[in-house]
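Coordinate inspection notes
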Amino acid sequence: MVARLILILGDQLTPEIAALRAADPARDIVVMAEVRREGSYVPHHPQKIALILSAMRHFAKALSAQGWRVTYTRLNDADNSHSIEGELLRRAAETGATEVIATRPGEWRLITALETLPLPVTLVPDDRFLCSDAEFAAWAEGRKQFRMEWFYREMRRKTGLLMQGGAPVGGQWNFDHDNRKRAQPDLFRPRPPRFAPDQITQDVLEEVAAAFPDHFGTLTPFGWGVTRTDALRALEWFIDQALPRFGDEQDAMLQQDPTLSHSLLSPYLNIGLLTPMEVCTAAEAAFHSGKAPLNAVEGFIRQIIGWREYVRGIYMLHGPGYADQNALNARRPLPALYWGGKTQMNCLSHAVGQTRDLAYAHHIQRLMVTGTFALLAGISPQALHEWYLSVYIDAFEWVEAPNTIGMSQFADGGVLGSKPYAASGAYIDRMSDYCGGCRYSVSQKTGPDACPFNLLYWDFLIRHRDRFAGNPRMAQMYRTWDKMDATRQRDTLDGAARILRRLDAGQEV
Ligand code: FAD
Ligand code: DLZ
Ligand code: SF4
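A quick note: this is a predicted structure, and the numbers were derived from the prediction, not measured. (Residues numbered from 1 in each chain as written. Chains lettered and ligands numbered in written order. Predicted model: local features only at pLDDT ≥ 70, side-chain atom pairs only at ≥ 80, totals over all residues. Heavy atoms only, no water.)

1. What about the domain arrangement of the protein?
By the assigned domains, the protein splits into domain 1 (5–124), domain 2 (133–196 + 227–315) and domain 3 (336–504). Of the residues lining the interface, 13 residues belong to domain 1; the matching set on domain 2 comes to eight residues. Each partner contributes to the roughly 850 Å² buried at the junction of domain 1 and domain 2, and carbon and sulfur atoms together form 60% of this total. Area buried by domain 1 at its contact with domain 2 is led by L13, L51 and W108, which between them contribute 40% of it. Taken together, domain 1 and domain 2 are joined by one salt bridge. With a closest N to O distance of 2.9 Å, D133 and R104 form a salt bridge. Here domain 1 and domain 2 share four residue pairs in polar contact (both at pLDDT 80 or more) between them. Here the side of domain 1 that touches domain 2 gets four residues from one element, more than from any other, and that element is helix α3 (residues 46–65). (Domains from an automatic or database assignment. Contact = heavy atoms within 4.5 Å. Buried area = accessible area lost by both parts, 1.4 Å probe. Salt bridge = Lys/Arg side-chain N within 4 Å of Asp/Glu carboxyl O. Polar contact = N/O pair within 3.5 Å; in protein donor to acceptor, adjacent residues only side chain to side chain. Helix = DSSP H or I, 4+ residues; strand = E, 2+ residues; numbered from the N terminus.)

2. Details of the environment of D203
One can find D203 in helix α8 (residues 199–211). Placed 153 residues apart in sequence, D203 and A50 show a C-alpha to C-alpha distance of 9.6 Å.

3. Brief notes about the site of ligand 2
Surveying the vicinity of ligand 2 reveals 19 residues, the closest of which are D11, A33, V35, E38 and E107. E38 is positioned such that a nitrogen or oxygen atom in its side chain is 2.6 Å from an oxygen atom of ligand 2. Side-chain polar atom of E107 to an oxygen atom of ligand 2: 2.8 Å apart, as the coordinates give it. Coverage of ligand 2 by the protein chains reaches 99% of its 490 Å² of free accessible surface. In terms of residue count, α3 provides more of the shell around ligand 2 than any other element does, three residues in total. (Near = heavy atom within 4 Å. Areas by Shrake-Rupley, 256 points an atom, 1.4 Å probe, with all protein chains shown as cover.)

4. Quick word on helix α20 (residues 475–483)
For α20, the complete set of buried residues consists of A475, Y478 and W481. The buried residues of α20 occupy an angular sector of 120° when projected down its axis, which confines them to one face. Elements that come into contact with the buried residues of α20 comprise α18 (452–463), α19 (465–468) and α21 (486–504). (Buried < 20%, exposed > 50% of the residue type's maximum accessible area, 1.4 Å probe, protein only. Arc of directions from axis to C-beta.)

5. What to know about the site of ligand 3
Residues in contact with ligand 3, as listed here, are M345, N346, C347, G425, I428, Y434, C435, C438, Y440, V442 and C451. For the shell around ligand 3, the elements supplying multiple residues, two or more each, are α13 (346–358) and α17 (425–431). Its residues placed into classes, the shell around ligand 3 shows nine nonpolar, two polar and no charged. (Nonpolar A, V, L, I, M, F, W, Y, C, P; charged D, E, K, R; others polar.)

6. Digging into the packing of helix α15 (residues 381–391) against helix α16 (residues 397–408)
Here α15 crosses α16 at 140°, and the two axes come no closer than 9 Å. The orientation of α15 with respect to α16, classified from their angle, is oblique. Considering how the two elements wind past one another, α15 and α16 form a crossing that is right-handed. Seen from α15, the contacting residues are P381, Q382, L384, H385, Y388 and L389; seen from α16, they are E397, E400, A401, T404 and I405. (Axes fitted to C-alpha atoms, helices over the stretch in contact; angles between N-to-C directions. Parallel < 35°, antiparallel > 145°, perpendicular 65-115°, else oblique. Left-handed = near helix turned anticlockwise from the far one by under 90°.)

7. Points about unusual backbone geometry
A cis amide bond links T220 to the next residue, P221, at an omega of 0°. Position of P221 among the secondary structure elements: in the loop between α8 and α9 (228–249). Phi angles above zero are rare outside glycine, and F410 is one such case at about 55°. You can see F410 is positioned in the loop between α16 and α17. Look at F410 and you get buried, because its relative accessible area is 5%.

Shown next, in the form of structure tokens:
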């Protein structure tokens, strides 16, 4: 019988992945390929490339040990064509295989590339998600507005997580009002585990350093886990050490602690080393055994079976071109500060600095610091999307694009969320300790020392008055503006224009 090629991509490292379940180990050949194109179609952070390549090498070794025939292309192989399509065609010519089976990729770019390959390709659905594309489409059908909260309740019912007799445990679906606290700076918090690079990872680190020398981000020290065993240890650490405070500290930011009580599990979930259901079940068990409170456990489970599934559903439902949307017509280029250029804004300096060093920032840093600044300043959502896709260890388009284009930049015109995440410096001041060490003053609303968020916030609202003034959740802000005296209004808009001119001239802000 003629062999078939079974493609396994760098974010499909799950032994039970659909393409492997559809394959016959006695007949078929697994294809895995480290290719430059995947590392550089956007300039991925070197730690992200290293994580994926090392995890791929470990996964391929495990598959071979289980008896699979694996053809594996390494980054430096002489005959590497450096694209996924090129490697499939090369392996087909080498082996005589006439057909490809692949789990549907998480990015339209690659779905299209596989669908147009000059070989028959069967794309099997990626059933590592709890909600299939068809189920999401059925949920979305006929709804004028999508709201995560309604979707989330369906997912609670479907999975049975934190449910008792058809009702939510604790009598409420959502405990967010108990969260959103400031973090105590002097509290002892156990550090997330770091994993010493083994020989495979050390080889990868050398090769990545040589192949992608110009990408933004430091490669070492590298401490991410690269196997399922590592990922399970990271999960155990989170459940025991950080989950109890996860809810309380979910929205907080501290200069000295870039990770607080976050799980750091997104890279393992997204490349397939952990499954969404197993992490939720572990969190639920911690609640039932009294190790973690309900506000923390419900909040964590909501992020996974709510937000994570919801954003994927929206990305897949929309089809190709999701990331091209620009409802607010924002055109400004991405300022150099996002690539480590100097800035006097302490919050941005910290968020970007830790991104460079760790390839990680938590949700509120992404949403309310780098995201909100770009929204207020009218940065091109496409430039920002490329940045987020490049710099984070967990970034894959199905999850990054809806968060950036939809949630953070409102560039989808309000499909994902009902109002833009526009905020003045007061939000950052309330949730962090950044403002105390900043050259700008968060309490000043106008003048050269005024926090740029304070100035740009009003400029944004006024620029988009036609679109947002009728939004009931924003009407109060327009009333506040209208009551402001004319001098203050003029000073605010002049101050914002000054900041924007500096950005446009490539000057430090
Ligand atoms: P925790 O705070 O511990 O949360 C637990 C888990 O919930 C995460 O591991 C993640 O799987 C899930 N989760 C939480 N929030 C979201 C969300 N909004 N969407 C989807 N899943 C969520 N997440 C990514 O996985 N990849 C991305 O490329 C990505 N890009 C983002 C871009 C922007 C502009 C914003 C605002 C958010 C983005 N997120 C992305 C969502 C979120 O910031 C990360 O999932 C989270 O910071 C990962 O760190 P953690 O594992 O410590 O998360
Ligand atoms: C992100 C990434 C990188 C950096 N390198 C590879 C690679 O060399 N080979 C591979 O199969 N996958 C890689 N990936 C992951 C893919 O980009 C990912 O599968 C698609 O973006 C779809 O989510
Ligand atoms: Fe950021 Fe403004 Fe606070 Fe400075 S004052 S850290 S710019 S929010």
